[in-house]
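# Geometric and topological summary
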Amino acid sequence: MFRRKKSSNPVRKKVNFDKRLIDRDALKVVQTIAKAGFEVYLVGGCVRDLLLDLKPKDFDIATNAKPEQVNKLFKRSRLIGRRFRLVHVMFSARKYLEVATFRSGQVKTAKSGVIVRDNCYGKIEEDVVRRDFRVNALYYDVRTEEVIDYIGGLEDIDSRQIHIIGEPLVRFEEDPVRMIRAVRFQTKLNFELSNEIKLSIYQQAPLLSNISPARLYEECIKLFHNEYGFKVYERLEKYDLLKHLFKQTRKNDFIKIALNNTSNRIKRNKPVTPAFLFAVFLWQAQNERYQLIKQKQRSIYLAMSQASEEVIINQIKQVSLPRWLTARIKETWMAQTKLEKMQPKKVEDMLASKDFRMAYNFLVLRSQSINPELKPVADFWTKAQVGYKPEDIYSERRKPRSK
Ligand code: ATP
Ligand code: MG
């Protein structure tokens, strides 16, 4: 066990940003805790985003009140976590805010260097140094409208840089997920990574294989379900991190177009599902496997099914996929053969099937990237949805093209 150096002499700086970006419930929680006499701040990514005029995804709150004390202040709150207790203050079935008590820098690491225990309460200056990056370790005092900066986070916001807190090799060893977080923040914020982060990532990338596939699944959604997913993909590849998440995936135009399509959907508030992206990432590997199995297996259905199963089993060793999601991936792949056949008698059934939409989008993006020969097939299904009868589409396709 070692005690991480604590920081002292903070900078307190009055800051100006659009206050309407602060979540009203977060303000209420902070005010209630402050009124009860405790020290309390907004902390982490939300402060960073507010200073950059970005709308924060979530609001984290840090305080010197113990979890049990926070719990008593809010009727609709609950204590969670066994190793490190936190309080969730509930606002609706889907919305809660997390309140954490300052944690000390005391961490217990395993032989591999990975953190196994990080659960002692501490002071704010200790809480600062257990965080990952300097830009993520800013505290905002709602009452004085000041940001409290112990380690140069404000400077980094100004110079648009990401620096790690402490020794990068050690911090990445403690928690290798910090490497993919660095790449995500670099891209989201359009910041530069410090040279020591870059060098350490190359060295420590293989440690990602020690992280549980379930945690990496959550991280993957954060990596790619946003407005800049393809840039993140390219950078993960550049830093040699991608192969520790998707060892069967190689970059191609389908992946590029699908990630950009997902980003556009998010910009337009349209729904997205991780099943689609995983189906895209693994499609080429599935195809290669299918081609091999088909040489021995006469049933296309069985060959497809076996290839899908094998590729997914390989994937979940790195990044786990929930069952419902693997089922949708397989259905999307299987539907491609059916869509490509364009059998008139099956059109109605295909259109009515619950998987049609995703399979159709998948086909359209294939036809716009790696399979241009499928353009007429994609057109066929586009028309089929707007009320064309199959006979009309077939006869139209047989007509010579007018000039
Ligand atoms: P965003 O919510 O935009 O993804 P964030 O910085 O708020 O970014 P969260 O995962 O919400 O990220 O975490 C909140 C804060 O908790 C971070 O800003 C950081 O201070 C701290 N934190 C999160 N994950 C780690 C980690 N793996 N190691 C150290 N500190 C972390
Ligand atoms: Mg956050």
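Everything below is about the structure printed above this text.
What counts, and where the lines are drawn
Residues numbered from 1 in each chain as written. Chains lettered and ligands numbered in written order. Predicted model: local features only at pLDDT ≥ 70, side-chain atom pairs only at ≥ 80, totals over all residues. Heavy atoms only, no water. Salt bridge = Lys/Arg side-chain N within 4 Å of Asp/Glu carboxyl O. Buried < 20%, exposed > 50% of the residue type's maximum accessible area, 1.4 Å probe, protein only. Core = buried A, V, L, I, M, F, W, Y, C linked by side-chain atoms within 4.5 Å. Helix = DSSP H or I, 4+ residues; strand = E, 2+ residues; numbered from the N terminus. Near = heavy atom within 4 Å. Polar contact = N/O pair within 3.5 Å; in protein donor to acceptor, adjacent residues only side chain to side chain. Nonpolar A, V, L, I, M, F, W, Y, C, P; charged D, E, K, R; others polar. Pairing = 2+ DSSP bridges. Contact = heavy atoms within 4.5 Å.

## What about the pattern of salt bridges?
Any two side chains of opposite charge can pair, given that their charged atoms come close. According to the stated counting rule, one finds 27 salt bridges in the structure shown. Here arginine 20 ties to aspartate 18 by a salt bridge, and the two come within 3.1 Å at their closest N and O atoms. Note on aspartate 18: relative accessible area 28%, which makes it partly exposed. Among the charged side chains, a salt-bridge network with shared partners connects Asp23, Asp25, Lys28 and Lys95.

## Considering the nonpolar core
Counting 92 residues, the largest nonpolar core has Leu42, Phe224, Leu236, Leu241 and Trp333 as its most contacted members. For this core, the leading source of residues is helix 12 (residues 274–294), giving 12 residues.

## As for the site of ligand 1
Not every one of the 18 residues close to ligand 1 is listed here, only the nearest: Arg131, Asn136, Asp175, Arg178 and Arg184. The contact in question runs from an oxygen atom of ligand 1 to an N or O atom on the side chain of aspartate 58, over 3.3 Å. Where the shell around ligand 1 is concerned, the elements lending two or more residues are helix 2 (45–51), helix 7 (177–189) and helix 9 (213–224). When its residues are assigned to classes, the shell around ligand 1 shows one nonpolar, three polar and 14 charged.

## Let's talk about the pairing of strand 7 (residues 96–101)
Alignment of strand 4 (residues 60–63) against strand 7, held across four bridges, turns out to be parallel. Each bridged residue has a counterpart across the sheet, and for threonine 63 the counterpart in strand 7 is threonine 101. Sheet topology note: the strand 6 (residues 86–90)/strand 7 ladder contains four bridges and is antiparallel. Bridge pairing in strand 7 links valine 89 to leucine 97. Hairpin connection between strand 6 and strand 7: a loop of five residues separates the two successive antiparallel strands.

## Section: the environment of tyrosine 239
The topology assignment puts tyrosine 239 in the loop between helix 10 (229–238) and helix 11 (253–267). Placed 36 residues apart in sequence, tyrosine 239 and glutamine 203 show a C-alpha to C-alpha distance of 9.7 Å. With residues up to four places along the chain from it excluded, the contact list for tyrosine 239 reads Val183, Gln186, Leu193, Lys198, Ile201, Tyr202 and Ala205.

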